[in-house]
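Here's the letter readout for the chains.
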Amino acid sequence: MLPEWMKQTDNYVPPKDGGTFAIKTIKTIGNIMSRLKVQAGHEKKRHIPALVKLIGLFVMIVIASACQNRIVILGIAAVILAYLCTWPAKDLWGVLKPPLAASTLAFVLFVPAMIMNPAGIPNNLIVVAKVFLCVTMVTLFNHTTQWNHVTLALRRIHVPGIFVFTLDITLKYIVLLGNLIQDLLTSMQFRAVGKHDKKYSSIGGVMGVTFIRGTEMNEQMYEAMRCRGFTDDYKGL
Amino acid sequence: MNLIELNNITFRYNNDETPVLEDFSMSVVRGSCVIVEGDNGSGKTTLFRILTGLSFPEKGSYIFDGAEITKNYLKDNEMSKLFHKKIGFLFQSPDVMLFNPRVYDEIAFGPRQMGLSDQEVEARVEDCLEIFGLRELTDKAPYHLSGGQKKKVALASVMSLNPDVLILDEPYAGLDKKTQNWLTQFLKELKAAGKTLLIATHSSEGLIGTADEMIEIE
Amino acid sequence: MHIPENYLSPATCGVMGAAMVPVWVHAVKKVNEELPKEKIPLIGVGAAFSFLGMMFNVPLVGGTTGHAVGGTLIALLFGPNAACIAVSIALLLQAVLFGDGGILAFGANCFNMAFVLPYVGYGFYRLFVKLFGGNESIGTGKKLVAAAIGSYIGINLAALCAAIEFGVQPILFHDAAGNALYCPYDLSVAIPAMTIPHLAVAGVIEAIFTVVIYAFVMKTSPDLTYDAIRAERLADHPAEEKGSHVPVFALIAVMIAATPLGLLATGTAWGEWGAEEIAETSSGGAPLGYTPSGLENGWSLDVLMPDYTMGGVGEVLAYILSAVIGVALLIILFKLISIPMKGRDTVNAS
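Small disclaimer: the values here were computed from a predicted structure and weren't measured.

Undergrad: Describe in detail the overall build of chain B, supporting the description with residues and values.
TA: Within chain B one finds 7 helices and 9 strands. Here the C-alpha radius of gyration of chain B, 17 Å, is about what a compact globule of 218 residues would show, namely 17 Å. Across the 218 residues that make up chain B, the buried fraction comes to 57%. When contacts within chain B are restricted to residue pairs at least 6 apart in sequence, long-range pairs at least 24 apart make up 67% of them. When the accessible area of chain B is evaluated, it comes to approximately 9,200 Å², of which 46% is carbon and sulfur surface. Between the centroid of the 23 positive side chains of chain B and the centroid of its 33 negative side chains there is a distance of 4 Å.

Undergrad: I'd like a rundown of the interface of chain B and chain A, residues and numbers included.
TA: Counting residues at the interface gives 40 residues for chain B, matched by 37 residues for chain A. Buried surface at the junction of chain B and chain A, summed over both partners, amounts to about 3,800 Å²; 62% is from carbon and sulfur atoms. Counting across the chain B and chain A interface gives 3 salt bridges. The shortest N-O distance in the salt bridge between Glu 106 of chain B and Arg 191 of chain A comes to 2.8 Å. Scanning the region where chain B abuts chain A turns up 16 residue pairs in polar contact (both at pLDDT 80 or more). Those elements that provide at least two residues to the side of chain B that touches chain A are helix H3 (77–86), helix H4 (103–113), helix H5 (118–131), helix H6 (147–159) and helix H7 (177–192) of chain B. Here the side of chain B that touches chain A takes 6 residues from H3 of chain B, the largest share from any one element. Of the residues contributing to the side of chain B that touches chain A, the split by class is 20 nonpolar, 9 polar and 11 charged.

Undergrad: Give a detailed account of the interface of chain A and chain C, specifying residues and quantitative values.
TA: At the junction of the two partners, chain A supplies 101 residues and chain C supplies 86 residues. In total, about 8,100 Å² of surface goes out of reach between chain A and chain C, with carbon and sulfur atoms giving 76% of it. The three residues of chain A that bury the most area against chain C are Ile 71, Tyr 200 and Phe 211 of chain A, which together make up 9% of that side's buried surface. Seen at the junction of chain A and chain C, the total is 0 salt bridges. Our enumeration of links across chain A and chain C arrives at 15 residue pairs in polar contact (both at pLDDT 80 or more). If one sorts the elements of the side of chain A that touches chain C by residue count, helix H9 (residues 199–227) of chain A sits on top with 18 residues. Grouping the constituent residues of the side of chain A that touches chain C by class yields 64 nonpolar, 29 polar and 8 charged.

Undergrad: For the packing of helix H3 (residues 71–78) of chain C against helix H8 (residues 187–220) of chain C, give the residues involved together with the corresponding values.
TA: Residue and element names in this part refer to chain C. Where H3 contacts H8, the axes come no closer than 8 Å and their chain directions differ by 20°. Overall, the two elements H3 and H8 adopt an arrangement that is roughly parallel. In the packing of H3 onto H8, the handedness of the crossing is right-handed. Of H8, the residues touching H3 (which contributes Gly 71, Thr 72, Leu 73, Leu 76 and Leu 77) are Glu 206, Phe 209, Thr 210, Ile 213, Tyr 214 and Val 217. Class assignment of the residues belonging to the contact of H3 with H8 gives a composition of 7 nonpolar, 3 polar and 1 charged.

Undergrad: Go over the environment of Ala 90 of chain C with me, naming the residues and quoting the values.
TA: All names here are of chain C. With respect to the secondary-structure elements, Ala 90 resides in helix H4 (residues 80–98). Distance in space between the C-alpha atoms of Ala 90 and Ser 50 is 6.3 Å, their sequence separation being 40 residues. Contacts of Ala 90, omitting those with residues within four sequence positions, involve Ala 47, Ser 50, Phe 51 and Met 54.

Criteria and cut-off values
Residues numbered from 1 in each chain as written. Chains lettered and ligands numbered in written order. Predicted model: local features only at pLDDT ≥ 70, side-chain atom pairs only at ≥ 80, totals over all residues. Heavy atoms only, no water. Helix = DSSP H or I, 4+ residues; strand = E, 2+ residues; numbered from the N terminus. Rg over C-alpha atoms; globule rule 2.2 N^0.38 Å. Buried < 20%, exposed > 50% of the residue type's maximum accessible area, 1.4 Å probe, protein only. Contact = heavy atoms within 4.5 Å. Areas by Shrake-Rupley, 256 points an atom, 1.4 Å probe, with all protein chains shown as cover. Lys, Arg positive; Asp, Glu negative; His and termini not counted. Charge placed at Lys NZ, Arg CZ, Asp CG, Glu CD. Buried area = accessible area lost by both parts, 1.4 Å probe. Salt bridge = Lys/Arg side-chain N within 4 Å of Asp/Glu carboxyl O. Polar contact = N/O pair within 3.5 Å; in protein donor to acceptor, adjacent residues only side chain to side chain. Nonpolar A, V, L, I, M, F, W, Y, C, P; charged D, E, K, R; others polar. Axes fitted to C-alpha atoms, helices over the stretch in contact; angles between N-to-C directions. Parallel < 35°, antiparallel > 145°, perpendicular 65-115°, else oblique. Left-handed = near helix turned anticlockwise from the far one by under 90°.

Shape descriptors only; they carry no functional weight alone.
Structure below.
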């Protein structure tokens, strides 16, 4: 029953094609996933409540952003960097990579302004430094805090249930749909053995299927909630 | 000559203490059929990730068709395309393999990539529709088919590339008896045609007599 | 498009955040009316979809790639009100979990990408659907053209808003010498710098991303689009047909017009600088732009350490802190060097 061509071995020579969007996206989403997983990282050792940390983070960012006093900014930098020194080497890079990228970008963006107006350089550099500090604080927070502890804390201070519920399922779906996108792109990559002329329709397919699957999963989840006694009372979640 | 050779492979995820695979070796002769058995979490998935070039072992080497498959080797666009052309992989869940708006386009994706002429593409797709019994579904959205139909479309979309090696991850899962029997028959014919088969399955009864080797992973 | 921390003054961030509150209230109210109960958790799907969509590398010419925001697409699939909430949540997670876009700048980012973008994009989509022949029954092709136009206009207006937010910074927030404290580019630089790339590249990416996905969903599952949900609702409540979004568009118009004014008003009221410094300003230089006199007083320690009120104490403290920072940086550097590149990769990858 096999057709002739399937019984033979193709003598195939692949063409050159530079498209790497699928690989790039697989990598980007892979990084997101690993960062969502890494979250458990350091939490076990130190037991500062997640909510305290979240509020602390917010206050520190407000101070760092609003404050024009160089001494205060130097102080914050000293504390953060000294704290980072106590971290094991293997975790450092993960914490420092995002702020380094963000502050480098800020620096590059500000170069023309520095050239046009040299007198503004100190202020511009302060902004770059602040970008570094703020992003470091955020990544530090993330490497030491599990997100479900934050949502738990939000519930405890009576943030509306529907909001916390939505945050929780959003994170759940980011993982589920993110894995789906990665698998779809991987299987596409396996079959993309030549010139990919219809990249855009493939993207439409990958994200379209992801959307459809997401809505389906949602229906199933709602039914499962109903089965467990949920009565459309989102306030009480 | 061995088509696939894994030599003393060790692999672990993210600096985990215990490796998923440790000092693991196997070899597959061209044209043979190998069945891989192992419980959930035994490293079967990892093995397939290594074989398909998604993961790379920290120790040991993977030789495919005379070339060592490394991260650098697959960075070369042409090498990686040729590698994927030769190795067809059927994912355990067909859902992650279907992203085209019509069954026809799904099967035609591979041949179109290969730069075949329109007639050749059509011939391949028509043949696939025929042998997989998908004729009535030609214009349907793959996504809305039943589980068994999806699996058939997914397999057809791999077969239309005519790979030398076919790796199947639990191909029987979710199929009814009739489709299972059909699949066994199809795999036997592939083997007879000289294709190399690597199959992970819990239900290998149908393939006894076809399989040249059973590998168990612990 | 994600505005990072510290490019905007905290005052601007506060104003933008405050502007979002009525928008969120409106959106939540509308979603409760529009969506059947079983679709409420769908907002989470929308947020996750939006989050992941922003991660997607869309190919451009010659192997390069760019990212779309997808605000209009979310509006086409989930409705503009649900899109507003979904994109806001996606932005919140990006800011808090990944430091992508500032936490303080969250309000501003929401204003541009969760408010202006989806509502404007969806509004133009509806407008063009109407121009192309009225109701829901028009062909898929025309709807896709409408979606392309809507998403293109949507993202460009959002970029313009971001440009204005950037551009007012040096006008409103500068030190005694007239040097910008936050974003150093005024409107004349910020607007072209933001809008030209968006008109030329990012807008195209956004339109492509929107159209290809919308086309796929309309082809394979047309019942899942917001158009279908809306048609169903209109069949039940024909009275809702007209004008359900008019108040929102009025709100957008008023806000876009008023925001720069609001920023101007609050900017001076908040006063990023102390009372003494304001006094200095009179001899320092004109409040707008930079002046040579600012330069003349400029390059002394006063500029690097302008908190001269603290005098010698400040200087000593600064040296001590600098020493701490220097030592800490060295230790971190050595630690980083001590792990081989391979180890670094595994920390980050999968």
